[in-house]
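Here are the chains, one letter per residue:
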Amino acid sequence: MTVNEGESLRLYKKALRYAESDPEVFLGAARRAAESILLDIALQEAVGSKPTLESLLTVLAAKDLVPPKVVLAVRTIQNYGNYGSHALQSSGEEISAEDVRPCLNALTQLAVWYGRTSKALAEDEAQQGLAAVQHTTTSTTRLADSSLIVIKALLLGCGFEHLLAQHHHRLMHVQLPWSDQLVRGVSQRLLDMAIYNEQRVLRLLETEDEVRDQVVPLGRMGYSMGGRNFYLLAARAGHWGNTTAAEFLADPAGAQIAVPRHSDMFDNVLAAFSTDEAGLLDMGITILDVPHHLGLELFHLNKDVLAVGGQNLRMHARDSDDYFELLNSEMLPPRAQQRLRSAAANVLIANRSWLTEMRTEPGELHRGLMRCFHAMGSEEARFEEVVQDLIAHASFPQECGPKGRERLVRHVLFESYRLGEPC
């Protein structure tokens, strides 16, 4: 089973759009979003239930699949949904945006929990599926696949399949979430190769014996967005709307930064401010731990928040005059820029036993792949084929149409690898 949170996320975002403009419609949309989230969890856990909010919540709570705090949040949404239905039937009773604020907060709490739960389930399922496929032959190489544009471009352009064929190996792509589990998968020989963030690989090499014994870094595969991938996004109508980067750096007290805490994005925040988590607190900066999939809807909840995200969110914001980059890599001192560039490096890793079977030197393998990748950039037909593959198979915001996808792909390719033309 694959985790599909698309419909639930669509309904959640739809509800947020109505929270201020039409609170009565918001209450109905919030209830539908909550039903969709609980139904998705029930499907993931193979739990049978009627597809109603009450039935789903009762069954999931009884099986301890929904924590008490989330049960309370769903009950809040349910009660407000009932209130909205009665208010619509009565005459003259209007519902304001302030009236539905508790329901909005409860829906956001549910969505944050759902984002974390879905990611954990997806990773567990991927690891279980990977472990179930045993190595039946030494002539198959398993490479971690990705839907991230910056990584997918390397997987498509480096000629892995052709190079491995020279060693009489068949290539198997395995789609897995972007997380530290990629490195552990290589250490356990569930994977043979993967591309992952270099600093996080080095951290695991220092802290985990199995990783240190079994994982070999082969070489850098470039820098995400050329090392300029950090930004703090702000709403022009919010608290920081009239603040310059210099003013913010001089006094960031009161800032609330929304960023997935267990991610390289959070590491970038620390690098940008040249501090650790305790140092952020001393500066008066609060971190709001949010799921990866939350986008501009963050600003529907709180116009004063500052968002850190991927390039999808960045490009989506650039299509609107309502948002601006309060801070980005290029506005920081040179030493902070250098730290961020190092943090943006990705590295190819391989299992030590696999390398022995391949009878090849790590440096030789890495050079062959990178030669192929750079040659792709100078061959127009091959480059355009990679662009079209990325448009078809990489991950994008739900609101992103065909033209937006192409623009984002070309932007990431140019900024990360200087391939193609700037957008």
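By convention here, each chain's residues receive numbers from 1 onward along its written sequence. With the structure being a predicted model, the display of local features is reserved for residues of pLDDT at least 70 and the display and counting of side-chain atom pairs for 80 or more, all residues being used for whole-chain, interface and lining totals. Note that the side-chain values use all heavy atoms of the structure and ignore hydrogens as well as water.

The protein chain has the name DUF4145 domain-containing protein in an unreviewed UniProt entry, where Streptomyces mooreae is given as its organism.

The next thing to look at is the overall build of the protein chain. Under the DSSP-based scheme used, a helix requires at least four consecutive residues in state H or I and a strand at least two consecutive residues in state E, with every element numbered from the N terminus. Secondary structure summary: the protein chain contains 20 helices and ten strands in total. The classification of residues rests on relative accessible area computed with a 1.4 Å probe and restricted to protein chains. Under 20% of the type maximum is buried, over 50% is exposed, and intermediate values are partly exposed. Looking at the protein chain as a whole, 51% of its 423 residues qualify as buried. In the protein chain, of all internal contacts separated by at least 6 residues, the share reaching a separation of at least 24 is 75%. Note on definitions: a residue-residue contact is assigned when non-hydrogen atoms from the two residues lie within 4.5 Å.

All right, on to unusual backbone geometry then. Residue His 168 is not a glycine yet carries a positive backbone phi of 60 degrees. Among the secondary structure elements, His 168 is positioned in the loop between helix 7 (160-165) and strand 2 (170-175). Taking the relative accessible area as the measure of exposure, His 168 reaches 68% and is therefore exposed. In this structure, Ser 274 is a non-glycine residue whose phi angle is positive, near 50 degrees. Within the secondary structure, Ser 274 is located in the loop between helix 12 (264-272) and helix 13 (277-283).

With that settled, the discussion passes to the pairing of strand 3 (residues 193-197). Taken across its five residues, strand 3 has five buried, putting it largely inside the fold. At least two DSSP bridges between two strands are required for those strands to pair. Two elements, strand 3 and strand 10 (residues 345-351), share five bridges in a ladder whose sense is antiparallel. Bridge pairing links Ala 194 to Ile 349 in strand 10.

Right, let's talk about the nonpolar core for a bit. The set of buried Ala, Val, Leu, Ile, Met, Phe, Trp, Tyr and Cys residues whose side-chain atoms join them within 4.5 Å is what this entry labels a nonpolar core. Residues Phe 160, Met 193 and Leu 413 are the most contacted members of the largest nonpolar core, which totals 43 residues. When residues of this core are assigned to their parent elements, the largest contribution, six residues, is made by helix 6 (residues 149-157). The contact partners of Leu 413, leaving out residues within four places of it in the chain, are Ala 153, Phe 383, Val 387, Leu 390, Arg 418 and Leu 419. Counting 36 residues, the second largest nonpolar core, distinct from the first, contains Leu 9, Tyr 12, Phe 26 and Leu 60.

It is worth spelling out the confidence of the model for the protein chain at this point. Where the model shows low pLDDT, its predicted coordinates should not be examined in detail. With 89% of its residues at a pLDDT of 70 or more, the protein chain shows a mean pLDDT of 85. Predictor confidence is given residue by residue as pLDDT, running from a minimum of 0 to a maximum of 100. Across residues 1-5, where pLDDT falls below 50, the model places 14 contacts with residues more than four positions away in sequence or in other chains.

With respect to the secondary-structure elements, Ala 194 resides in strand 3. Once the C-alpha coordinates of Ala 194 and Leu 348 are considered, the two residues, 154 residues apart in sequence, prove to be 5.9 Å apart. Excluding anything up to four places from it in sequence, Ala 194 contacts Leu 143, Ala 144, Val 186, Val 347, Leu 348 and Ile 349.

Before going further, it helps to spend a moment on the environment of Leu 365. Tracing the backbone through its elements, the reader meets Leu 365 in helix 18 (residues 362-378). Looking at Leu 365, the relative accessible area reads 3%, which means it is buried. When the C-alpha positions of Leu 365 and Leu 355 are compared, they lie 9.6 Å apart, and in sequence the two are ten residues distant.

This brings us to the pattern of salt bridges. Where charged atoms from two side chains of opposite charge come close, those side chains can pair. Any Lys or Arg side-chain nitrogen located within 4 Å of an Asp or Glu carboxyl oxygen qualifies as a salt bridge. Considering all chains together, one arrives at 20 salt bridges under this definition. With a shortest N-O distance of 2.8 Å, Asp 267 and Arg 200 are connected by a salt bridge. One end of the pair, Asp 267, is in helix 12; the other, Arg 200, is in helix 9 (residues 198-207), and 67 residues separate them in sequence. Among the residues examined, Arg 200 registers a relative accessible area of 11% and is labelled buried. Note that Asp 319 and Arg 407 form a salt bridge whose closest N and O atoms lie 2.8 Å from each other. Here Asp 319, found in the loop between helix 15 (311-318) and strand 9 (323-328), pairs with Arg 407, found in helix 20 (residues 402-417); they are 88 residues apart in sequence, far enough to count as distant. Taken together, the shared-partner salt bridges in this structure form one network comprising Asp 180, Arg 200, Arg 203 and Asp 267.

Quick look at the packing of aromatic side chains now. Classification of ring pairs uses Phe, Tyr and Trp, with its six-membered ring standing for Trp, and accepts pairs whose centres are within 6.5 Å; under 30 degrees between planes counts as stacked, over 60 as edge-to-face, and the remaining range as tilted. This structure, assessed with the given rule, holds five aromatic pairs. Counting every residue linked through ring pairs, the aromatic cluster contains Trp 240, Phe 248 and Phe 273. Directly above the aromatic system of Tyr 223 lies the positively charged group of Arg 341, at a separation of 3.8 Å from the ring centroid. Only lysine NZ and arginine CZ atoms are considered, and such an atom sits over a ring when it is within 6 Å of the ring centre and within 35 degrees of the ring normal.

For the rest of this paragraph, the subject is the state of the cysteines. Cysteine sulfurs are considered disulfide-paired once they come within 2.5 Å of each other. Scanning all chains against the criterion turns up zero disulfides. The cysteine Cys 158 is free of any disulfide, with Cys 372 supplying the nearest cysteine sulfur at 6.8 Å.

What helix 16 (residues 334-343) keeps buried is the set Ala 336, Leu 340 and Ala 343. Down the axis, helix 16 shows its buried residues gathered within 60 degrees of arc, on one side only. Residues of helix 16 that are exposed and point more than 90 degrees away from the buried face comprise Pro 334 and Arg 335. The reported arc concerns the directions from the helix axis to the C-beta atoms and nothing else.

Along the chain, Thr 141 falls in strand 1 (residues 140-145). A polar contact of 2.8 Å, which involves the side chain of Thr 141, links it to the side chain of Trp 354. Residues within four places of Thr 141 in sequence aside, it is in contact with Leu 164, His 169, Arg 170, Leu 171, Met 172, Asp 192, Met 193 and Trp 354. Counted as a polar contact is a pair of N or O atoms within 3.5 Å, where, for protein atoms, one must be capable of donating a hydrogen and the other of accepting one, and residues adjacent in sequence contribute only when both atoms are in side chains.

Orientation of helix 19 (residues 380-393) relative to helix 20, taken along the N-to-C sense of each, is 125 degrees, at an axis distance of 9 Å. In terms of orientation, helix 19 and helix 20 fall into the oblique class. Crossing angle aside, the handedness with which helix 19 passes helix 20 is right-handed. Of the residues in helix 20, those touching helix 19 at Phe 383, Glu 384, Val 387, Leu 390 and Ile 391 are Arg 405, Glu 406, Val 409, Arg 410 and Leu 413. Lines fitted to C-alpha atoms define the axes here, with helix axes fitted over just the stretch in contact, and angles between the N-to-C directions of these axes take values from 0 to 180 degrees. For classification purposes, an angle smaller than 35 degrees is called roughly parallel, one larger than 145 roughly antiparallel, one from 65 to 115 roughly perpendicular, and anything else oblique. A crossing counts as left-handed when the near helix is turned anticlockwise from the far one by less than a right angle, and as right-handed when that turn is clockwise.

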